[in-house]
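Next come the chains, spelled out residue by residue.
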Amino acid sequence: MEIQENFVNKVAQSGLVTLDPAAFYTPGERVLYDIKDNLFQELILREKDLREFVKEHDWSQYQDKNVALTCSADAIVPAWAYLLLANRMAPYAREVVFGDLETLETVLYVKELAKLDVEQYRDQRLVIKGCGDVDVPVSAYVELGKKLTPVVKSLMFGEPCSTVPIYKKRD
């Protein structure tokens, strides 16, 4: 009995285009700066103390880092305090945002995705890759969906061999 082995790569023949959101990952260390360390007894912001800290602190340690400014203490921190810290970090840091590390990642992805030329995907059958070596925030997938839906023929999530349909243009 002879077995003929003709395998057909249906994925390659499908005309699917894959987009990996990890390609929009911004390199650089992520740092969380918690202003609670600048509060008196982690409760009260004293302007004089903060201004002294700002003068003495080595801001160059944030060189090329992506920084999220937050306060984990249950304290009222005036907006100017965050503004002051961001002002001192900005000349060194690659990015400074208000929020936690998840917010930072969202901002980084949104900035990179804003550069995406969606026209290259016009009328394409597009698969947005769902897994990889880089942890992609859900916000990046949402942003991709918003940008790509108006131009693609169809939008899917996952891998070309196993996709979840998201959108299909009606003719």
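Below you will find a few notes about this structure. Every chain's residues receive numbers from 1 upward, in the order its sequence appears when written. Whole-chain, interface and lining totals are the exception, using all residues; otherwise, since this is a predicted model, local features are given only for residues with pLDDT of at least 70 and side-chain atom pairs are given and counted only at 80 or more. Excluded from the side-chain calculations are hydrogens and water; all other atoms, namely the structure's heavy atoms, are used.

## Remarks on the nonpolar core
Core analysis: the biggest nonpolar cluster contains 21 residues, and Tyr 62, Val 67, Leu 69, Leu 85 and Met 89 have the highest contact counts within it. Secondary structure elements follow DSSP: runs of H or I no shorter than four residues count as helices, runs of E no shorter than two count as strands, and numbering proceeds from the N terminus. Among the secondary structure elements, those contributing two or more residues to this core are β2 (30-34), α2 (47-56), β3 (66-70) and α3 (79-89). The dominant element in this core, judged by the number of residues it contributes, is α3, at five residues. Discounting residues that sit within four places of it in the chain, Met 89 has contacts with Tyr 33, Trp 59, Tyr 62, Val 67, Leu 69 and Val 96. Here, nonpolar core refers to any group of buried Ala, Val, Leu, Ile, Met, Phe, Trp, Tyr and Cys residues whose side-chain atoms link them within 4.5 Å. For every residue, the accessible area (1.4 Å probe, protein chains only) is compared with the maximum for its type, and the residue is labelled buried under 20%, exposed over 50%, or partly exposed between those bounds. In what follows, a contact means two residues having at least one pair of non-hydrogen atoms within 4.5 Å.

## Digging into the sheet that holds β2
Any two strands with at least two DSSP bridges between them are considered paired. Read across the open sheet, the three strands follow the order β2-β3-β4; overall the sheet is parallel. Unpaired on one side and paired on the other, β2 and β4 (95-98) mark the two borders of the sheet. On average, each strand axis in the sheet is inclined to that of its neighbour by 20°, with strand direction left out of account. Where β2 lies against β3, five bridges are found, and the strand directions are parallel. By the bridge assignment for β3, Leu 32 is matched with Ala 68. Only C-alpha atoms enter the line fits that serve as axes; for helices the fit covers just the stretch in contact. Angles between N-to-C directions range over 0 to 180 degrees. Packing of helix α4 (residues 101-113) onto the sheet brings it into contact with β2, β3 and β4, and relative to β4 it is tilted by some 125°.

## Section: the packing of aromatic side chains
Note on ring pairs: Phe, Tyr and Trp rings are taken, using the six-membered ring of Trp, and paired if centres are within 6.5 Å. Classes follow the plane angle, with under 30 degrees stacked, over 60 edge-to-face and the rest tilted. Enumeration over the complete set of coordinates arrives at five aromatic pairs. Ring centres 6.4 Å apart and planes at 70° place the aromatic pair Tyr 33 and Tyr 62 in the edge-to-face group. With Tyr 33 in strand β2 and Tyr 62 in the loop between α2 and β3, this pair connects stretches of sequence that are 29 residues apart. Residues Tyr 33 and Tyr 62 agree in their burial class; the two are buried. Relative to Trp 59, the ring of Phe 53 has its centre 6.0 Å away and its plane inclined at 80°; by these criteria the two rings are edge-to-face. Overall, Phe 53 belongs to the partly exposed group, its relative accessible area being 24%.

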